[in-house]
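Chains, contacts and geometry: an overview
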Amino acid sequence: MTLTELRYLVALAECGHFRKAADTCNVSQPTLSIAIKKLEEELGIDLFERARHKVSPTPIGEQVVNQARTVLQEASNLVQLAEQGKDPLGTVLSVGAIYTVGPYLFPRLVSSLRKQVPEMPLYIEENFTASLRGKLSRGALDAIFVALPFTEPDVVTRSLYDEPFVVLMPEDHPLAKEKAIDPAALAAHKVLMMGEGHCFRDQVLEACPGLQESIVEHNARDQATVEGSSLETLKHMVAGGMGITVLPDSAASLALYGDTPLTVRPFTDPAPTRTIALAWRVSYPRHQAIDALTDALREA
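These notes cover the structure that comes with them. Since we're looking at a predicted model, the values are computed, not measured. (Residues numbered from 1 in each chain as written. Predicted model: local features only at pLDDT ≥ 70, side-chain atom pairs only at ≥ 80, totals over all residues. Heavy atoms only, no water.)

1. Quick notes on the overall build of the chain
The following threshold applies: Counting from the N terminus, the helices are the DSSP runs of H or I reaching at least four residues and the strands are the DSSP runs of E reaching at least two. With a 1.4 Å probe rolled over the protein chains alone, any residue whose accessible area is under 20% of its type maximum counts as buried; one over 50% counts as exposed, and the rest are partly exposed. Between two residues, a contact is recorded if the distance between any of their heavy atoms is within 4.5 Å. Accessible surface is estimated by sampling points in the Shrake-Rupley manner with a 1.4 Å probe; for residues, cover comes only from the protein chains shown. As used throughout, the charge tally considers Lys and Arg to be positive and Asp and Glu to be negative, leaving His and the chain termini uncounted. We put the charge of a Lys on NZ, of an Arg on CZ, of an Asp on CG and of a Glu on CD.
Each helix and strand in the chain was counted, giving 10 helices and 11 strands. Expressed as lengths along the three principal axes of its C-alpha atoms, the size of the chain is roughly 100 × 40 × 35 Å. Counting across all 300 residues of the chain, residues that qualify as buried make up 44%. In the chain, 72% of the contacts between residues at least 6 apart in sequence involve partners at least 24 apart. Accessible area for the chain stands at about 15,600 Å²; split by element, carbon and sulfur atoms hold 52% of it. Side chains of the chain give 28 positive and 38 negative charges; the mean places of these two sets differ by 8 Å.

2. Re helix α6 (residues 129-138)
Which entries qualify depends on this criterion: To obtain the arc, one takes the directions from the helix axis to the C-beta atoms.
All of the buried residues along α6 are Thr-129, Leu-132 and Leu-136. Considered in projection along α6, the buried side chains sweep an arc of 60° and stay on one side of the axis. What points out from α6, more than 90 degrees from its buried face, is the exposed set Ala-130 and Arg-138. Looking at the buried positions of α6, the neighbouring elements they touch are β3 (93-98), β4 (122-127), β5 (143-147), β6 (155-170), α7 (199-207) and β11 (273-281).

3. Some thoughts on the state of the cysteines
Where we set the bar: When two cysteine sulfur atoms lie within 2.5 Å, the pair is treated as a disulfide.
Going through the model one piece at a time under the given rule, you end up with 0 disulfides. Looking at the unpaired Cys-199, the closest cysteine sulfur is the one in Cys-208, lying at 15 Å.

4. Let's talk about the layout of surface pockets
For clarity, the threshold we go by: Site definitions follow a grid-based scheme: protein atoms alone, a 1 Å grid, a 1.4 Å probe that fits but cannot get out for cavities, and for pockets an open set with protein on both sides within 12 Å along at least five of seven lines, plus lining residues having an atom within 4 Å of a point. Grid points are joined across faces, edges and corners, and a volume is the space filled by probe spheres set on the points. Amino acid classes used here: Ala, Val, Leu, Ile, Met, Phe, Trp, Tyr, Cys and Pro are nonpolar; Asp, Glu, Lys and Arg are charged; the rest, including Gly, are polar.
Space inside the largest pocket adds up to approximately 200 Å³. For the lining of the largest pocket, the secondary structure elements donating two or more residues are α7 and β11. Residue composition of the lining of the largest pocket, by class: 7 nonpolar, 3 polar and 3 charged.

5. Quick word on the packing of aromatic side chains
The cut-off we apply is this: A pair of aromatic rings is counted whenever rings of Phe, Tyr or Trp (Trp by its six-membered ring) have centres within 6.5 Å, and the orientation is called stacked for planes under 30 degrees apart, edge-to-face for over 60 and tilted otherwise.
Under the defined criterion, the tally for this structure stands at 3 aromatic pairs. Ring plane angle 75° and centroid distance 5.0 Å describe the contact between Phe-165 and Phe-200, whose orientation is recorded as edge-to-face. With Phe-165 in strand β6 and Phe-200 in helix α7, the pair connects residues that are 35 residues apart, well separated along the chain. Just as Phe-165 is buried, Phe-200 falls in that class too.

6. Things to note about the pairing of strand β7 (residues 191-194)
This is how it is decided: Only strands joined by at least two bridges in the DSSP assignment are considered to pair.
In the sheet, β7 pairs with strand β9 (residues 244-248) via 2 bridges, with the strands oriented parallel. Looking at β9, one finds that Leu-192 is bridged to Thr-245. Sheet topology note: the β7/strand β8 (residues 227-228) ladder contains 2 bridges and is parallel. If you follow Met-194 over to β8, its bridge partner there is Gly-228.

7. Here's the deal with the pattern of salt bridges
For the record, the criterion: Salt bridge, as used here: a side-chain nitrogen of Lys or Arg that lies within 4 Å of a carboxyl oxygen of Asp or Glu.
Scanning the entire structure with this criterion turns up 12 salt bridges. Linking Arg-50 and Glu-40 is a salt bridge whose minimum nitrogen-to-oxygen distance equals 2.9 Å. Placement of Arg-50 in strand β1 (residues 48-50) and of Glu-40 in helix α3 (residues 29-43) is noted, with a sequence separation of 10 residues between them. For Arg-50, a relative accessible area of 43% translates into the label partly exposed. According to the relative accessible area criterion, Glu-40 is buried, its value standing at 4%.

8. Observations regarding the packing of helix α1 (residues 3-15) against α3
To be explicit about the condition: Only the stretch in contact is used when fitting a helix axis, every axis being a line fitted to C-alpha atoms; angles between N-to-C directions are given from 0 to 180 degrees. Angle categories: roughly parallel below 35 degrees, roughly antiparallel above 145, roughly perpendicular from 65 to 115, and oblique for all the rest.
Contact geometry for α1 and α3: axes closest at 9 Å, N-to-C directions at 105°. Considering their axes alone, α1 and α3 lie roughly perpendicular with respect to each other. For the pair α1 and α3, contact is made by Glu-5, Leu-6, Tyr-8, Leu-9 and Leu-12 and by Thr-31, Leu-32, Ala-35, Ile-36, Lys-38, Leu-39 and Glu-42, respectively. Tallied by class, the residues present in the contact of α1 with α3 amount to 8 nonpolar, 1 polar and 3 charged.

9. A look at the environment of Ala-22
Mapped onto the secondary structure, Ala-22 falls in helix α2 (residues 18-24). Ala-22 sits in the buried class, given a relative accessible area of 1%. The spacing of Ala-22 and Phe-165 is 143 residues in sequence and 74 Å in space, taken between C-alpha atoms. Setting aside its immediate chain neighbours within four residues, Ala-22 contacts Val-27, Ser-28, Gln-29 and Leu-32.

10. Observations concerning the nonpolar core
In plain terms, the rule: The nonpolar core is taken to be a set of buried Ala, Val, Leu, Ile, Met, Phe, Trp, Tyr and Cys residues, with the residues joined through side-chain atoms within 4.5 Å.
One finds Leu-93, Leu-109, Leu-113, Ile-144, Phe-145 and Leu-293 to be the most contacted residues of the largest nonpolar core, which totals 35 residues. Counting residues per element, the ones that place at least two in this core are β3, α5 (102-116), α6, β5, β11 and α10 (287-299). Dropping the residues within four chain positions of it, Leu-113 is found in contact with Pro-118, Met-120, Leu-122, Ala-292, Leu-293 and Ala-296. Cys-208, Leu-234, Leu-247 and Ala-252 belong to the second largest nonpolar core, which has 31 residues in total.

Right, dumping it as structure tokens:
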């Protein structure tokens, strides 16, 4: 059984005449007749009732014709899918990013990508590293922006840029007198942190000795656990006089977050940093789309 025979079958059912069906398929009448007879012999059933001036499907033949239409449509869909594959920049690219990267990266990235490859549709999502990992593995996302280290079977990563950490505080805070902050000095102050599940929280705790114990002590003293759901929330909390916080440099813009003037200080060398990388499946075939994404990032 071939797709060509199925096309002949559908054409005969629609035309109701061997000659007209042959003309529709651009073949001779004997060619079409032989193909239909071969198909009937292969299936072991009569597909058509043959009258002098009309040919019509049998009841089972009608069902076979309907299924043949479905098969031909699916075959057409397969061809269209292959055509899309020939243009890797012509179909949707689904990209995810961790919460501490997405809000500061995506606006610039999307603008740059629109200029470089305006024909490529884009879907973006922000989520936790664990959720992004699962969606990348399942194929729900094509690529994700994460902080290293990031390991996953059959996934490749490309380091994009290193980003230093900085300290955000009110202008009248005692640490504001320093030009640069020793990471160990934060343990003596109330530091506001992201909630559990954010990889940036773990990176800050690793970079600042004694900070974990200090946070526990301050929370016990206040009889409350004070954590932020996003970096923007932390900035508002700092502006509200609730403490100081550590931010990645990309999130440290000093927009108006309240009546309290804020200031930013770097860490002393060697300053804690994080490396942002792009991750995608080894088997992902649209390498041009990945390259377009990284090129747009560098441009942004």
